[in-house]
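Per-entry structural report
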Amino acid sequence: MKSFNLDRRQFLAGSAGLVATSMAAPAGVLAQSQSISALMPGVLLPESLRGPAEAATGAAIENLPYVSPTDTVAKLLAPGAQGRYDLINNMMNFVTEPLMAADALQPLDLSKVPNWDQLSPYWQSQAVMKDGEVYMIPCMWAYDSVLYNKDFIPEDDEVTQSWGVMFDDRYAGRIAPRDDAYQMITLTALHLGVEEPATMSRSDIKEIQAFLISKKANFRTLWSSFGEAVNLMSSQEVWAMVGWMPMRLALQKQGMNVTNNWPSEGLMTFQNGLFIPKGSQKTDLAHAAANFFISQEYASELAKLMDYGVTNEAVINGFSQETIDRVGYDIFDRGVKTYPYTWPAEMDAWIEAWNSFKVA
Amino acid sequence: MPAPRTPKPFPGIRPFGNPLLLMAPGLVFLLCIGLAPVILTVVLSFWRSSIFGTTPDFQFGNYARILAEPVYWQLLVHTLRVALVTTLACLVIGYPLAWFLSTRPNRTKVIWLIAIFVPFWISYVVRTFAWLPILGVNGLINSTLIRIGVIDAPLDWLLYTSGTTYLGLVYVYILFMTLPIYLSLQRLDPLVISAAADLGARPSSILRRVILPLTLPGVLSGSLMVFLLSISAYVTPRLLGGPSGVMFGTIVADQFLTSNNWAFGAALATSLMLVIILVLSLMAMIPPVRRAMLSN
């Protein structure tokens, strides 16, 4: 067997050579050794987009474990959190108010985000601004509705165009709500005629709780993750459930005869925004990454993979009429009533009501 | 008369070094890794939380809320019931299984032990998921029953009921009951059973008066483990239990992960811990249990 003998002199010479080589390496190679810490739902950084995102940023994107909008706010406002995160992509509806009130974000330098000019005027107007400076840039939007299997629930049944399909006794035992206090209480409140669920009183919440308990026998089970929900529908364990746009796409790709409703009481919508927390030491890289997440390349791929709505004007204009009709990208234009996600003042009471429903 | 001397635990071996120093690594580990999170949880339970953060304080608001809201008591009772029934079911199934294992010839015993262990090499979440295609409306059991003409329509109650929760929990935790009982049975001297039989004891009497008392430490050890694991379970009930598949652990997790109310979550966890201590203390007052706990 051949062996290698390396004395101290040779080792030092070799090491010096390696150092010299690395110093002479092109900037791109060095850039790859850099990284930024991001916090965003994994679904917004799919593997197929990670490579292009990192190439555009000139750094690796370390996406730290994402839990929820409230968890994100808690992480950013925690003592000693400054400088821990470089770029966040989160639900603007929930995080804007507490983060802006805490002065936790830094204004974005739009000269470093040239793709800002590619945003549609509507989405530019939705950016979070203060004193003439932009703090959050919208990068995607979506709605949540009821997904239902047309093989079992006829499309022309009027109840499909209401949140009421979740509670209809004709489909008892074949319905799956999401195990999520916010979403379930909101849609139930909307169905029962509450215009502003987020500001409901405790007695209103008790009424919602009683109604949910009265309908509990109609529910087959509760789901809490993407895979679990898709499996419930594809195995025909349930015929209808509260669902997300990518779930509908996944089920349709499996050949399921699944569509979604346009609840007359108000479709639940949300939008995600990109922002840089105060204290980030890598703002140039964070700006570069943010620039990619509103680019044409990212937006078109995200729409293709997930059906999510995007904010890049060229991509929006490039959708075919068939895609617009199928996905519902025109909900704002055709006057579908919407209810933007709004954080409730009494969230603890909401969670207690939901737990009471589950225990009942 | 001088008191009899306690026999040395390791006869013939001379002790060396300071026993306290020798125990130090273990004690430090126990204090830092074992007790520190528990102490922190108790301290945190007196703090204040909003959805956007937790601040140090010393107040009883979190406990007052637990006492005032019936939902937490109902859930606690429900959780205790689930844990107790699961423990009893594991005992009823696990004891005969352990007996079966301990009475196999050495050659086949290994094969049986491996067969029982193999499923536990897979994550319990995955094993829990495996019940869905078995018990679902279009699952293995329903399809088979329909195919052979036993039923016309799928049986909905096979899945997403409290019965399925028990099935899942027993399946997941049965090994924790079987193994300690098996080890107790292995230590049981067969001559003791022979002697009882020679003296005219009937089989039921031998089981009741000889075997069960001698294997009680194994039964207690297994029961304790299954009870503690079941009382804090929340994945299996949630996946298999349907709309009612909620346990106390679920709402504790909700406080940490959804509403970001760490202080209240810590108060709930501490309350559960106190209830467990109370249950175990009550159990220790039962004479045979007490004897088994204090015996070697």
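Residues numbered from 1 in each chain as written. Chains lettered and ligands numbered in written order. Predicted model: local features only at pLDDT ≥ 70, side-chain atom pairs only at ≥ 80, totals over all residues. Heavy atoms only, no water.

This paragraph deals with the overall build of chain A. Across its full length, chain A carries 15 helices and 11 strands. In terms of overall dimensions, chain A has a C-alpha envelope of 85 × 60 × 45 Å along the principal axes. When contacts within chain A are restricted to residue pairs at least 6 apart in sequence, long-range pairs at least 24 apart make up 75% of them. Just so you have it, chain A exposes about 15200 Å², and 54% of that area is on carbon and sulfur atoms. (Helix = DSSP H or I, 4+ residues; strand = E, 2+ residues; numbered from the N terminus. Contact = heavy atoms within 4.5 Å. Areas by Shrake-Rupley, 256 points an atom, 1.4 Å probe, with all protein chains shown as cover.)

Now for the interface of chain A and chain B. Contacts between the two partners involve 32 residues from chain A, matched on the other side by 30 residues from chain B. Here chain A meets chain B over a buried area of about 2800 Å², counting both sides, of which 53% is carbon and sulfur. Interface area lost by chain A to chain B is led by Arg220(A), Glu352(A) and Val359(A), which between them contribute 21%. Connecting chain A to chain B are 5 salt bridges. The partner of Asp156(B) in a salt bridge is Arg174(A), with the nearest N and O atoms 2.9 Å apart. Counting across the chain A and chain B interface gives 11 residue pairs in polar contact (both at pLDDT 80 or more). Listed by contribution, the elements that provide at least two residues to the side of chain A that touches chain B are helix H4 (69–77), helix H9 (226–234) and helix H15 (347–359) of chain A. The dominant element in the side of chain A that touches chain B, judged by the number of residues it contributes, is H15(A), at 7 residues. Of the residues contributing to the side of chain A that touches chain B, the split by class is 13 nonpolar, 9 polar and 10 charged. (Buried area = accessible area lost by both parts, 1.4 Å probe. Salt bridge = Lys/Arg side-chain N within 4 Å of Asp/Glu carboxyl O. Polar contact = N/O pair within 3.5 Å; in protein donor to acceptor, adjacent residues only side chain to side chain. Nonpolar A, V, L, I, M, F, W, Y, C, P; charged D, E, K, R; others polar.)

Estimated volume of the largest pocket: approximately 1400 Å³. In terms of lining, the largest pocket is formed by 45 residues, of which the most central are Val67(A), Ser68(A), Arg178(A), Asp180(A) and Ser224(A). Elements that contribute at least two residues to the lining of the largest pocket include exactly H4, strand E3 (87–91), strand E5 (133–149), helix H7 (181–191), strand E9 (267–275) and H15 of chain A together with helix H11 (235–240) and helix H12 (248–257) of chain B. Ranked by residue count, the leading element in the lining of the largest pocket is H15(A), at 5 residues. In terms of domain composition, the lining of the largest pocket takes at least three residues from each of domain 1 (32–141 + 270–323) and domain 2 (143–269 + 334–359) of chain A. (1 Å grid on protein atoms, 1.4 Å probe; cavity = no way out; pocket = protein on both sides within 12 Å on 5 of 7 lines; lining within 4 Å. Points joined across faces, edges and corners; volume = space filled by probe spheres on them. Domains from an automatic or database assignment.)

Residue and element names in this part refer to chain A. Among the 5 residues that make up strand E1 (residues 35–39), 4 are buried, leaving the element largely enclosed by the rest of the structure. As paired strands, E1 and strand E2 (residues 60–63) are joined by 4 bridges and run parallel to one another. In the strand pairing of E2, Ser37 is matched with Glu62. As for the winding sense of the linkage, the β-α-β connection from E1 through helix H3 (residues 47–57) to E2 is right-handed. (Buried < 20%, exposed > 50% of the residue type's maximum accessible area, 1.4 Å probe, protein only. Pairing = 2+ DSSP bridges. Right-handed = clockwise from strand over helix to strand, strands pointing away.)

The tally for this structure, following the rule as stated, stands at 33 aromatic pairs over all chains. Ring geometry for Trp123(A) versus Trp141(A): centroids 6.4 Å apart, planes at 20 degrees, classification stacked. Of this pair, Trp123(A) sits in helix H6 (residues 121–125) while Trp141(A) sits in strand E5; the two residues are 18 residues apart in sequence, bridging distant segments of the chain. For the residue pair Trp123(A) and Trp141(A), the accessibility class agrees, reading buried in each case. An aromatic cluster of three or more residues is present, and its members are Tyr122(A), Trp123(A), Trp141(A), Tyr143(A), Trp262(A), Phe319(A), Tyr329(A) and Phe332(A). The cationic tip of Lys216(A) hangs over the ring face of Phe357(A); the distance from NZ or CZ to the ring centre is 5.4 Å. In this arrangement the basic side chain of Arg127(B) is found over the ring face of Phe120(B), its NZ or CZ atom lying 4.5 Å from the centre. (Phe/Tyr/Trp six-rings, centres within 6.5 Å; stacked < 30°, edge-to-face > 60°. Lys NZ or Arg CZ within 6 Å of the ring centre and 35° of its normal.)

Residue and element names in this part refer to chain B. In the contact formed by helix H3 (residues 70–102) and helix H13 (residues 262–284), the axes pass within 12 Å of each other and the chain directions differ by 45 degrees. With respect to H13, the element H3 is oriented oblique. Seen along the crossing, H3 lies across H13 with a hand that is right-handed. Where H3 abuts H13, its residues Tyr72, Leu76 and Leu80 lie against Phe264, Leu268, Leu272, Val275 and Val279. Tallied by class, residues from the contact of H3 with H13 come to 8 nonpolar, no polar and no charged. (Axes fitted to C-alpha atoms, helices over the stretch in contact; angles between N-to-C directions. Parallel < 35°, antiparallel > 145°, perpendicular 65-115°, else oblique. Left-handed = near helix turned anticlockwise from the far one by under 90°.)

Glancing now at empty space enclosed by the protein. Scanning the entire structure with this criterion turns up 2 cavities of 30 Å³ or more. Around the largest cavity sit Asp179(A), Leu222(A), Lys358(A), Arg238(B), Gly242(B), Pro243(B), Gly245(B), Val246(B) and Thr250(B), which together line it. Residues that form the lining of the largest cavity fall into these classes: 3 nonpolar, 3 polar and 3 charged. Put simply, the second largest cavity is a space of about 30 Å³.

Two residues of an α-helix separated by three or four positions point the same way, owing to the 3.6 residues in each turn. The complete set of buried residues in H3(A) reads Leu49(A), Ala53(A), Glu54(A) and Thr57(A). End-on, the buried residues of H3(A) take up no more than an arc of 135 degrees, which puts them together on one face. (Arc of directions from axis to C-beta.)

Residues and elements named next belong to chain A. As far as domains go, chain A holds domain 1 (32–141 + 270–323) and domain 2 (143–269 + 334–359). For domain 1 versus domain 2, the distance between C-alpha centres works out to 28 Å. On the domain 2 side, the residues contacting the 12 residues of domain 1 number 14 residues. In this assembly, domain 1 packs against domain 2 so that about 1100 Å² is buried in total across both faces, 68% of it on carbon and sulfur atoms. Its largest share of buried area at the contact with domain 2, domain 1 owes to Phe94, Phe270 and Asp307, together 51% of the area lost on that side.

Let us now look at H4(A). Residues and elements named next belong to chain A. Along H4, 7 of the 9 residues are buried, which leaves the element largely enclosed by surrounding structure. Taken together, the buried positions of H4 are occupied by Pro69, Thr70, Asp71, Thr72, Val73, Ala74 and Leu76. Contact partners of the buried residues in H4: E1, E3, helix H5 (92–101) and E9.

Below, the discussion takes up the pattern of salt bridges. All names here are of chain A. Summed over the entire model, instances satisfying the criterion amount to 24 salt bridges over all chains. Lys278 serves as the salt-bridge partner of Asp103, at 2.8 Å between the closest nitrogen and oxygen. Taken together, the residues Asp103 in the loop between H5 and H6 and Lys278 in the loop between E9 and helix H11 (283–293) connect sequence positions 175 residues apart. You can call Asp103 partly exposed: its relative accessible area is 38%. Two residues, Glu237 and Arg220, come together in a salt bridge whose shortest N-O distance is 2.7 Å. Of this pair, Glu237 sits in the loop between H9 and strand E7 (240–244) while Arg220 is found in the loop between helix H8 (202–214) and H9, placing the two residues 17 residues apart along the sequence. Classification of Glu237 by relative accessible area gives buried; the value is 4%.

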